[in-house]
Amino acid sequence: MGKTDTLKTYRAKRNFTQSPEPEAGGTANPQARAFVVQKHHARQLHYDFRLELDGSLKSWAIPKGLSLNPKIKRMAVQVEDHPLAYATFEGSIPQGHYGAGDVAIWDSGIWAALEDPDEGYRTGKLKFMLHGQKLRGAWALVRMRTQEQKQTAWLLIKEKDEYARDAAQVDSKAGAKTNMPLPDSLAPQLATLVTEPPAADDAWDYELKFDGYRMLTRIKKGQARLFTRNGKDWTDKLPELQAALAELGLQEAWLDGEIIVPDKNGAPDFQALQSAFEDGSSHAVVYYLFDLLFHEGLDLRPLPLRTRRSMLEELLQHTQTSLIQFSSAFEAHPSSLLLSACQLGFEGIIGKRNNAAHRSGRSTDWIKLKCHNRQEFIIGGYTKPQGSRPGLGALLLGVHDDQGRLRYAGKVGTGFDDKTLLSLKKQLDKLSTQSSPFHDAPTHLRCHWVRPTLLAEISFAQWTRDGHIRHGVFRGLRNDKPAKQITRETAVKAEHPPSVEQGTNDFLGSLHITSPERIVDALSGISKMELVRCYAAMASLILPHLEGRPVALVRAPDGVEKELFFQKHAERTTMPGIRQLDPALDPGHAPLLEIHSIEGLLAAVQMNTIEFHTWNANDPKLAKPDRMTFDLDPGEGVNWPRIQEGTRILHLFLQELGLPSFLKTSGGKGLHVVVPLLRRHDWDTVKAFSRAIVQHLSATLPQHFVAKSGPRNRVGKIFIDYLRNGFGATTASAWSVRARPGLGVSVPLAWDELGTVTSSSHWTLKNLGERLSTGNTPWNDYEHSRTNLSAAMKRLGFDPKAASKR
């Protein structure tokens, strides 16, 4: 009898002319069987767990996801076998087709059976080790005995080992007050406006400041009610959010967050938020949650903020609604993050002490930094319109002083459209009064007075000496705060002195930029001054990759479309902030260069530098490299999915050799894979070993890789460039802009993000702001991962002594 077709059911359920799923394909490797976990947004979000066995992927659907707690047994429903090629599949299955929804790789790697895998699978007790990015250590799949045979149920269990997490680690609830009654009301914690962020340290987390309304949610017996910061019940105004909150499955909770309406770019639009309540379009409102204060009988307020947020993020992990989002904290330096937030159209950023308990009211445990001067004002009157302008001319604004008196703070006449002007006039007419509400009413204006109950959100340039605002712009009305609370908002000094990088804007002001308006790249329209500002925003991210390393500069005096100049050594004219290294490090040449400060970085950009390339070693220890670099360079005819696949193969092979590796886009055509090294071997040995790795892959998988450089050799294949590992060779630094049309940027990636990027120039200077907040986080373990190559050489059968004689 012939071998059973295990993929018959898989193929019968799918129409491969319309579904992007692979019909067949993939190469079996019994010595290194693949596993993959795919996050599948179908009718219900679930995770698909797949193990390579006997030429196909044995597959299970896990509704609640995987748990690292050995005490938690996850139901795993066995489904049809999938082809091996499915291990790299990511995409969207069209509606109306089996499994319709988005599929993304959550984790992947190789697995090894602890006992006979065929016998274990047959008898229903399969024990194995996982070697992935997220899942590691010993696991077991145990088949459940059931009379229902339509779909076989198994249990997926994490075994007790160093990779397991016990219940205390999972729950993170130690210190919470138990059996606490749910309060009927709750006052939120408020942030203090500061002039500058404190010095960067691990005690602070930073989130985006949303331009919306603060909103708290009380859930009692599964029913959600939404309240403003002052306790007004807005549930009836937000029926869609109430329904979405019910889908979280919570019985008792207090949640804290902000509601917004995003514009087409995802940035909050405050006027659109107001319109959502006026025209009945509240379905467009999105709720960003950032704190969990009560949860199922536990008062979490005494816990550190980081613990409360971790619990909140876990609660929201499996939510399917787009109306509820988690407000992420970002690793970037607060100065860089603030600049990025302003460029993206956000109001600013919020800093929070991550080790602090919750405290209602305003405190310095939460701080806010704003992109512009902006606050609420009380409307005390208005002027008549001029010419054809409808409604009114300008609003007269006020704030309360220390004695509670309403002081005149100036007027605002811009930021309105005709519809808003008419709507405001209608509302203000209902508040008309004969006397001025101001303690110091302006006498030089012909005014219509109104009772001081309506609030306006205003951005402005500055306060004048007499307490009036300059260049005010109307942003919208507010009805979530009482007028009696409105005073002049004054920024205070941060509790810690600012770091050097926080002087970026001051430094830009003193740096002389020649031809600032000159277009560097015609495709994107980026000017030289914009390039300087972008590098200033990235300074805290790129400098750790430049500091201590010889750097080569790619300069484009006439733009990226014209001739480029590659500079490795110092010229007669020196640049400020760029250090010349000891000439003895590279005998026979002018001194090498090093950039170790923002001054040097921006001075190089002023001298028309676009790209920054670095050596694989640090000064003064240039004799031995501290990293090994592989540049995956695609030949003609190699599309992006094949580059992704080739990169995964290289990653898995390096794992097999015991070598940790880190990933980044190149900003050009391919991807860079970097192995951090302990300084144990010289340049020639490291280069020879990197060549041996590439030669092994090209010999084993000639359909994917080639070991020879040159365009003719790599048509339809990927050349893994190991030549970057020679003495004096360089590679584009992480966060370097590339001197190519579009100005792509080399950006660090986590391995599980590989499937989410669409090209090596996925990020350019036009959209980089969205990535700055992630910063160097994907490479957090880089320094701790440094490794000696000796064991890997032995595994590959590489003799360093023999290589040195070649």
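Residues numbered from 1 in each chain as written. Predicted model: local features only at pLDDT ≥ 70, side-chain atom pairs only at ≥ 80, totals over all residues. Heavy atoms only, no water.

Asker: Can you break down the pairing of strand β4 (residues 74–82) residue by residue, with the values?
Answerer: In this structure, strand β3 (residues 56–62) lies alongside β4, joined through four bridges in antiparallel fashion. Within β4, the position partnered with Ser59 by the bridge is Val79. Relative to strand β9 (residues 153–158), β4 is paired through four bridges, and the arrangement is antiparallel. The residue of β9 that forms the bridge with Val77 is Ala153. (Pairing = 2+ DSSP bridges. Helix = DSSP H or I, 4+ residues; strand = E, 2+ residues; numbered from the N terminus.)

Asker: Report on the sheet that holds strand β36 (residues 627–634), specifying residues and quantitative values.
Answerer: Strand order in the open sheet made by the six strands is β39-β40-β36-β38-β37-β42, with mixed pairing throughout. Looking along the sheet, the strands with just one partner apiece sit at the ends: β39 (705–706) and β42 (748–749). Two strands pair when backbone bridges link them, and strand β37 (residues 662–665) and strand β38 (residues 671–676) are joined in this way by four bridges, in the antiparallel orientation. Paired with Thr665 across the two strands is Leu671, which belongs to β38. Taken strand by strand, helix α12 (residues 640–656) contacts β36, β37, β38, β39 and β40 (718–721), and its axis lies near 10° from that of β38. On the sheet, helix α13 (residues 683–700) packs against β36, β39 and β40 and is oriented at approximately 40° with respect to β36. (Contact = heavy atoms within 4.5 Å. Axes fitted to C-alpha atoms, helices over the stretch in contact; angles between N-to-C directions.)

Asker: Describe empty space enclosed by the protein, with residues and values.
Answerer: Taken as a whole and judged by the stated rule, the model has two cavities of 30 Å³ or more. Here the largest cavity is characterised by a volume of approximately 80 Å³. Taken together, His545, Thr614, Arg627, Thr629, Lys664, Val674, Thr731, Ala732, Ser733, Ala734 and Trp779 make up the lining of the largest cavity. Elements with a minimum of two residues in the lining of the largest cavity: β36 and β41 (731–732). Partitioning the lining of the largest cavity into residue classes produces four nonpolar, five polar and two charged. (1 Å grid on protein atoms, 1.4 Å probe; cavity = no way out; pocket = protein on both sides within 12 Å on 5 of 7 lines; lining within 4 Å. Points joined across faces, edges and corners; volume = space filled by probe spheres on them. Nonpolar A, V, L, I, M, F, W, Y, C, P; charged D, E, K, R; others polar.)

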